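Below are the chains, spelled out letter by letter.
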Protein chains: 2
Amino acid sequence: MCGSDGTNGANGANGTNGAANQGAHFRSSPYQPVGDFLSNVNKFKIIESTLREGEQFANAYFDTETKIKIAKALDEFGVDYIELTSPAASEQSRKDCEAICKLGLKAKILTHVRCDMRDAKLAVETGVDGLDVVIGTSSFLREHSHGKDMAYIEKTAIEVIEYIKSKGLEVRFSSEDSFRSDLVDLLSLYRAVDKVGVNRVGIADTVGCASPRQVYDLVRTLRGVVSCDIETHFHDDTGCSIANAFCALEAGATHIDTSVLGIGERNGITPLGGLLARMVVSAPDYVKSKYKLHMLKEIEDMVAEAVEVNTPFNNPITGFCAFTHKAGIHAKAILNNPSTYEILNPADFGLTRYVHFASRLTGWNAVKTRVGQLGLAMTDDQIKEVTAKIKALADVRPIAIDDADSIIRSFHLTLHEQPAAAQANGAPVEVVQ
Amino acid sequence: MCGSDGTNGANGANGTNGAANQGAHFRSSPYQPVGDFLSNVNKFKIIESTLREGEQFANAYFDTETKIKIAKALDEFGVDYIELTSPAASEQSRKDCEAICKLGLKAKILTHVRCDMRDAKLAVETGVDGLDVVIGTSSFLREHSHGKDMAYIEKTAIEVIEYIKSKGLEVRFSSEDSFRSDLVDLLSLYRAVDKVGVNRVGIADTVGCASPRQVYDLVRTLRGVVSCDIETHFHDDTGCSIANAFCALEAGATHIDTSVLGIGERNGITPLGGLLARMVVSAPDYVKSKYKLHMLKEIEDMVAEAVEVNTPFNNPITGFCAFTHKAGIHAKAILNNPSTYEILNPADFGLTRYVHFASRLTGWNAVKTRVGQLGLAMTDDQIKEVTAKIKALADVRPIAIDDADSIIRSFHLTLHEQPAAAQANGAPVEVVQ
């Protein structure tokens, strides 16, 4: 229904002027936060979990072929790690894990397992590069899920970590529901696993309750306690998963978990595309040099098709209207310089912008551009007059590009049919519709 | 395709146990940020802008009847203010503004106008309760949009504000693109308008570039400069609009702009529902007493239909899977206590949760619940056995609830057809499919 080509529903006039020569205009904000030595905003790594967290999405059923297609695309896109469902989940999960390990991808392959020696042994045998080990540490999960106390958790964690390291693999240890866990227990546990040489500790907002400054505080505190890397995982129940990931990086986190379109348990986690929208604004050189951003839409379409959802209309970057400008005042400025109302450059993602001129909110600058696109010549006064006609019709009913174009063409035709005298004295010219 | 009733696509088993008696379980996090006297998290007001910002959404065309329907619904929902398109935008916009003012709603009616005496005069005559005045202050907008300098902006602002106040109306003065404006210019301008008695100053992230801690810093700084209320407006280009609104409230902002589903220019602004998902976690008593949360889905559906979009699959609260639990480990805990994996209570929004049991990631606890729902009696060992059968089929192809139910019923039937001896010694029982 809503085509991203702008010809259907979006009523868009392709702004052809900006895309090629605007690079220099995309200056960042003059109001910058004071630099912070903790920040990893310009050197973060992505652990892409579409094939683990994403498999927990209600609609997800990935057969082996689909998993391989997604893994290859993410690898080409440039993600650092690809995380897979535990081989303990099912027999096919184990086989798929082995198959993806054999693809010889540049990205490291991880699998996500419970903090349990049986699961760890099964995972090590699949050929993965590393294990993401997890256990619930909140009182909620300790009471209602596994029933273990903190002393038992620490003892088991160290056994499992030492076993994985003895096999020469990378290992992350994460709490689950970190933001509802006791802070002292959590720091004590992380310090213990850091001492035995874990590669990363993980902070997980499993229920999506964390807020940005809370994330900043917890990660910054943890940064002072452990020397290993810090991975973070944010659910989106309260709509903060992208912002929380950003604040985690500001506080010294090194790795962010994502999934394509954010798919995962409930309404999911930090989306890959949304995170990169945030990061390309804050660290443009790093992001553009590391990730093949023009592949984003193709990867999102692939996953959306596999799980039978539509890309949300308001998705950052790839939503059908992410680069559509409608209000007259916006359109005027955008036509002068795209960075007036755009912080993202659509060309970086292989996309284009649209200036919407067929509405009651349009302005004559947008219409002037359209007149130019139609190859017609009019004075500014004439353009203002035809703009008033377009607005008048759009006040009565929704109008399509074709309607607006017809008004423009008809008006233009009438101009040349008028006697020269009438044109010279600027008399109003009525369009016959 | 994705039904929110969970029977189509979501493969959900309605978790009937939790909704009624879980209120007491929804404790907030034990890890709370240190209290802050600046924070307005538990006393914010909403300026609902679906009928202004939302009208700038690519697909939006609201006729008078639709505008009135939306305004009435938002009023009943409990928003403090309803903001309308400038009467200067078009003749019909002016008439609609007058019509909505005459409805006698509890919510105050605002209209959003350029910082221009002609626009202000036109707006005052419509009968609105207040005017939201705006002008671009970033170097981008000063160069490429209106071309005015800061001295001119301040002089005009004071004239317009004094005029509106002389008419006995409420007035807000906002910069546009505040996060790319010179900080000293901005504070100086706000101090000047505060001195002449403006009701609110507004901070607007017009291009969606702001990050949460940057928002906190700017609003906190502004809080020390002006004595009036502070309104904030956040675009979602980089996915931070909800988090930024939250951080603004933490820093002392008093009013948040929203639109239903976030519709607006490009990919829109802070969504009403998403903001309330965030706020109900942080200030449950205030939010639940003030807003009719059970109306949220109906209002979102109304606006989605009017602008011809689908509610995003991953929308907070109302996305079809927002309360669907799939992984076995999650399902087990949720069935014990919903707050293990839910920070939001679906019952607060008139919704229900689903525990997804028809997948390869399922666990026997979820299947046990389903067996109970089907009115069948089985021992735990038998349930574990039938769970293995469900997982085996789900490893081969996507399965629907009906498939899983068939396996359960067929297995149950076979149990009673077995000779007593075979049941007693626990011999494996094969299901004939």
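This report concerns the structure included in the present document. Computed from a prediction, not measured in an experiment: that's the story for all the values here.

Here the focus is the pattern of salt bridges. Two side chains bearing opposite charge may form a pair once their charged atoms approach each other closely. All chains considered together, the criterion is met by 60 salt bridges over all chains. The salt bridge partner of A:Asp405 is A:Arg370, with a shortest N-O separation of 2.8 Å. Of this pair, A:Asp405 sits in helix H16 (residues 401–417) while A:Arg370 sits in helix H14 (residues 364–373), and the two are 35 residues apart along the sequence. Judged on exposure class, the residue A:Asp405 and its partner A:Arg370 are both buried. Linking B:Arg172 and B:Glu231 is a salt bridge whose minimum nitrogen-to-oxygen distance equals 2.9 Å. On the criterion of sequence distance, the pair formed by B:Arg172 in strand E6 (residues 170–176) and B:Glu231 in strand E8 (residues 229–234) is long-range, its members being 59 residues apart. A relative accessible area of 4% means that B:Arg172 is categorised as buried. On the basis of relative accessibility, which here comes to 0%, the residue B:Glu231 falls in the buried class. Salt bridges linked by common partners bring A:Lys108, A:Asp132, A:Glu170, A:Arg172, A:Arg200 and A:Glu231 together as one network.

Residue and element names in this part refer to chain A. Its identity is not glycine, yet Ile317 carries a phi of approximately 70 degrees, on the positive side. Here Ile317 is to be found in the loop between helix H12 (296–306) and strand E10 (324–325). Given a relative accessible area of 2%, Ile317 falls into the buried group.

Opposite the 105 residues of chain A that make contact, chain B presents 105 residues. Summing both partners gives a buried area of about 9000 Å² for chain A against chain B, and 58% of it is carried by carbon and sulfur. Between chain A and chain B we count 4 salt bridges in total. A:Glu250 is the partner of B:Arg213 in a salt bridge, and the nearest nitrogen-oxygen pair spans 3.2 Å. Linking chain A with chain B are 41 residue pairs in polar contact (both at pLDDT 80 or more).

This paragraph deals with the relation of the copies chain A and chain B. Superposing chain A onto chain B requires a rotation of 180 degrees together with a translation of 0.0 Å along the rotation axis, leaving an RMSD of 0.0 Å. Here the two chains are linked by the operation of a two-fold rotation axis. Of every C-alpha in chain A, the one belonging to A:Pro312 sits nearest the axis of rotation, 2.3 Å from it. Most of the interface of chain A is mirrored in chain B: 100% of its interface residues are interface residues there too.

What follows concerns empty space enclosed by the protein. Overall, the coordinates contain 6 cavities of 30 Å³ or more when judged by the stated rule. Of the volumes computed, that of the largest cavity is approximately 400 Å³. Contributing to the lining of the largest cavity are 26 residues, with A:Asp236, A:Asn314, B:Asp236, B:Asn314 and B:Pro316 lying nearest its centre. Within the residue set of the lining of the largest cavity, elements represented by two or more residues are helix H9 (241–250) of chain A together with helix H9 (241–250) of chain B. Here the lining of the largest cavity is composed, by residue class, of 12 nonpolar, 12 polar and 2 charged.

Next up on the list: the sheet that holds E8(B). Residue and element names in this part refer to chain B. Taken together, 8 strands build a closed barrel; the order of strands is E2-E3-E4-E5-E6-E7-E8-E9 and the barrel is parallel. Strand-to-strand twist of the sheet, defined as the mean angle between neighbouring strand axes without regard to direction, takes the value 25 degrees. Taken together, the 3 bridges between E6 and strand E7 (residues 200–205) define a ladder with parallel strand orientation. Looking across to E7, one finds that Phe173 is bridged to Val201.

Residues and elements named next belong to chain A. On the basis of which strands lie adjacent, the closed barrel formed by 8 strands has the order E2-E3-E4-E5-E6-E7-E8-E9 and parallel pairing. Ignoring strand direction, the axes of neighbouring strands in this sheet form an average angle of 25 degrees. One ladder, built from 6 bridges, connects strand E7 (residues 200–205) with strand E8 (residues 229–234); its direction is parallel. Bridged to Ile203 within E8 is Thr232. This element, helix H4 (residues 117–124), spans strand E4 (108–114) and strand E5 (130–136) of the sheet and lies at about 160 degrees to E4.

Right, let's get into the side chain of B:His325. Among the secondary structure elements, B:His325 is positioned in strand E10 (residues 324–325). Every residue in contact with B:His325, bar those within four places of it in the chain, is listed here: A:Glu265, A:Arg266, B:Ile334, B:Tyr341, B:Glu342, B:Arg353, B:Tyr354, B:Val355 and B:His356.

With respect to the helices and strands, the residue A:Thr238 is situated in the loop between E8 and H9. Given the relative accessible area of 1%, A:Thr238 is considered buried. Excluding anything up to four places from it in sequence, A:Thr238 contacts A:Gly208, A:Ala210, B:Ile242, B:Gly274, B:Ala277, B:Arg278, B:Val281 and B:Ile343. Within the structure, the side chain of A:Thr238 is placed 2.9 Å from the backbone oxygen of A:Gly208, a separation counted as a polar contact.

Ranked by size, the top nonpolar core spans 206 residues in total, and within it A:Phe173 and B:Phe173 carry the most contacts. A:Val371, A:Leu374, A:Val386 and B:Leu141 belong to the second largest nonpolar core, which has 25 residues in total.

So, about the side chain of B:Thr111. Residues and elements named next belong to chain B. Within the secondary structure layout, Thr111 lies in strand E4 (residues 108–114). Only 3.0 Å separates the side chain of Thr111 from the backbone oxygen of Leu84, close enough to count as a polar contact. If we skip the residues at most four places from it in the chain, Thr111 touches Leu84, Thr85, Ser86, Pro87, Cys97, Ala123, Val128, Gly130, Leu131 and Asp132.

Moving on, we come to the packing of aromatic side chains. A complete count under the given rule lists 12 aromatic pairs over all chains for this structure. With a centroid separation of 5.4 Å and an interplanar angle of 65 degrees, the aromatic rings of A:Phe313 and B:Phe57 are classed as edge-to-face. Linking A:Phe313 in the loop between H12 and E10 with B:Phe57 in the loop between strand E2 (45–48) and helix H2 (64–77), this pair reaches from one chain into another. On the accessibility criterion, A:Phe313 (7% relative accessible area) is buried. Taking relative accessible area as the criterion, B:Phe57 reaches 0% and is therefore assigned buried. Where B:Phe44 meets B:Tyr286, the ring centres are 5.3 Å apart and the plane angle is 65 degrees; that geometry is what we call edge-to-face.

It is worth spelling out the packing of helix H6 (residues 150–166) of chain A against helix H7 (residues 183–195) of chain A at this point. Residues and elements named next belong to chain A. Orientation of H6 relative to H7, taken along the N-to-C sense of each, is 25 degrees, at an axis distance of 10 Å. The angle between H6 and H7 falls in the class roughly parallel. Handedness of the crossing formed by H6 with H7: right-handed. Contact residues: H6 offers Met150, Ile153, Glu154, Ala157, Ile158 and Ile161, while H7 offers Asp185, Ser188, Leu189, Ala192 and Val193.

Rules behind the numbers
Residues numbered from 1 in each chain as written. Chains lettered and ligands numbered in written order. Predicted model: local features only at pLDDT ≥ 70, side-chain atom pairs only at ≥ 80, totals over all residues. Heavy atoms only, no water. Salt bridge = Lys/Arg side-chain N within 4 Å of Asp/Glu carboxyl O. Helix = DSSP H or I, 4+ residues; strand = E, 2+ residues; numbered from the N terminus. Buried < 20%, exposed > 50% of the residue type's maximum accessible area, 1.4 Å probe, protein only. Contact = heavy atoms within 4.5 Å. Buried area = accessible area lost by both parts, 1.4 Å probe. Polar contact = N/O pair within 3.5 Å; in protein donor to acceptor, adjacent residues only side chain to side chain. Least-squares fit on C-alpha atoms with pLDDT ≥ 70 in both. 1 Å grid on protein atoms, 1.4 Å probe; cavity = no way out; pocket = protein on both sides within 12 Å on 5 of 7 lines; lining within 4 Å. Points joined across faces, edges and corners; volume = space filled by probe spheres on them. Nonpolar A, V, L, I, M, F, W, Y, C, P; charged D, E, K, R; others polar. Pairing = 2+ DSSP bridges. Axes fitted to C-alpha atoms, helices over the stretch in contact; angles between N-to-C directions. Core = buried A, V, L, I, M, F, W, Y, C linked by side-chain atoms within 4.5 Å. Phe/Tyr/Trp six-rings, centres within 6.5 Å; stacked < 30°, edge-to-face > 60°. Parallel < 35°, antiparallel > 145°, perpendicular 65-115°, else oblique. Left-handed = near helix turned anticlockwise from the far one by under 90°.

Remember that the coordinates give geometry; whether it matters functionally is a separate question.
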